[in-house]
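So the chains spell out like this:
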Amino acid sequence: MEKEVLLNDGVKIPAVGLGVFLIPNDGSTYKAVSEALKAGYRHIDTAAAYFNEEEVGRAIKDSGLKREEIFVTSKLWVQDFGYEHAKWGIEESLRKLDLGYIDLYLLHQPYGDVLGAWKALEEYKEKGLLRSIGVSNMTPKIYKKYVPEFRIKPSVNQVECNPTFLQKELRSAMEKDNVRIEAWYPLGHGDNNLLDNETVIRLSEKYGKNVGQIILRFEVQEGFIVLPKSTNPERIKGNIDIFDFELTEDEMKEMEKLDTGKGTHDPDAPGVGESLLSRYKIHNKW
Ligand code: A2P
């Protein structure tokens, strides 16, 4: 199994990435990213609304690794949607990360002037400043509303996804465009129904891997790009060490039975967009 996934625009992305949501820009992000790079991570997932793009960029520059060895994702916040505002928002991310270009840039949430914001992402992709562009938190309904209007198809849709919520309907809507799932909450956010599940435990014993590694391996075999979170240094290291074993077809089918078709977040729920827009202002420009 490859450690990298080929996206629909020819860009290759490492299958496992480190997410830095909720890590403060007070030295902690610098430390977390530096340690992850030492542990072998080559894919870091940040966002304008995580307020830590500067430290992500600095840790990468100080790592001694070549820029092209590292894959960095950031995201445009909804406050900067619409064509003109999006251009400013993209420039801000480029300035804060200060890495020359961004490997993958996403629309963080699918609300407001999505089409205008996407047009700006398309232009920056064509300029080479964003190598790949994608969306996030699009349900089948939202995907079908916007993506047919896009000139360039997204390479990924970053959504909640794990064995208890396999996003079957969304995946069938995205199949013709060859859009990949990037999974947030890939370990069910510590959900014990998943981590203590008997199939997961049995496979963990069989392969000599921890339960998180079994779940992540299953997801990567399903074709997902995964962004596991951990505060435990051993598990952080272990979560990229999933490429020395393979689940059989029957084991994959058994894991698929854990799907309940439901997650914790419903982007289609009334008022989600308005609430995000009014609750999170990331700057005072507008
Ligand atoms: P911890 O920080 O103690 O490692 P998600 O990525 O889906 O949000 O899940 C994060 C949760 O999964 C955290 O509670 C984290 O706890 C736990 N976790 C992370 N890696 C593993 C692992 N390899 N095995 C079991 N639990 C894990």
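S.K.: With reference to specific residues and values, describe helix α9 (residues 211-222).
M.R.: In an α-helix, one turn spans 3.6 residues, which is why side chains three or four residues apart end up on the same side. In this model, α9 (twelve residues) spans 17 Å end to end at C-alpha, consistent with the 16 Å of a helix rising 1.5 Å per residue. Most of α9 sits inside the fold, with eleven of its twelve residues counted as buried. Turning to α9, its buried residues are G212, Q213, I214, I215, L216, R217, F218, E219, V220, Q221 and E222. On the buried face of α9, the contacting elements are α6 (168-174), α7 (192-195), α8 (198-207), β10 (225-226), α10 (233-238) and α11 (249-256). Regarding α9, its N-cap is N210, as a side-chain oxygen of that residue lies 3.1 Å from the backbone nitrogen of G212 further along. Trailing α9 by a residue or two, G223 shows a phi angle of about 105°, which is positive.

S.K.: For the pairing of strand β8 (residues 156-160), give the residues involved together with the corresponding values.
M.R.: The buried count for β8 comes to five of five residues, which makes it a mostly enclosed element. Here strand β7 (residues 130-136) pairs with β8 via two bridges, running parallel. Its bridge partner being in β8, S136 is matched across the sheet by Q158.

S.K.: Just give me the short version of α11, but keep the residues and values in it.
M.R.: Considered for burial, the residues of α11 that qualify are E251, M252 and M255. The buried residues of α11 occupy an angular sector of 105° when the element is viewed end-on, so they sit on one face. Those residues of α11 that are exposed and angled more than 90 degrees off the buried face are E249 and D250. Lining the buried residues of α11 we find α8 and α9.

S.K.: Any details on unusual backbone geometry? Residues and values, ideally.
M.R.: For N178, which is not glycine, the phi dihedral falls at a positive 55°. By the element assignment, N178 lies in the loop between α6 and β9 (180-184). By relative accessible area, which is 45% here, N178 ends up partly exposed. The phi torsion at Y185 lies on the positive side, around 55°, for a residue other than glycine. As for its position among the elements, Y185 is in the loop between β9 and α7. You can call Y185 partly exposed: its relative accessible area is 26%.

S.K.: Tell me what's going on with the sheet that holds β9, and back it up with residues and numbers.
M.R.: What the eight strands build is an open sheet, ordered β3-β4-β5-β6-β7-β8-β9-β10; its pairing is parallel. The two strands at the open ends of the sheet, each matched to only one other strand, are β3 (18-19) and β10. This element, helix α4 (residues 114-126), spans β5 (71-76), β6 (102-107) and β7 of the sheet and lies at about 160° to β7.

Scoring rules and cut-offs
Residues numbered from 1 in each chain as written. Predicted model: local features only at pLDDT ≥ 70, side-chain atom pairs only at ≥ 80, totals over all residues. Heavy atoms only, no water. Helix = DSSP H or I, 4+ residues; strand = E, 2+ residues; numbered from the N terminus. Expected span 1.5 Å × (residues − 1). Buried < 20%, exposed > 50% of the residue type's maximum accessible area, 1.4 Å probe, protein only. Contact = heavy atoms within 4.5 Å. Polar contact = N/O pair within 3.5 Å; in protein donor to acceptor, adjacent residues only side chain to side chain. Pairing = 2+ DSSP bridges. Arc of directions from axis to C-beta. Axes fitted to C-alpha atoms, helices over the stretch in contact; angles between N-to-C directions.

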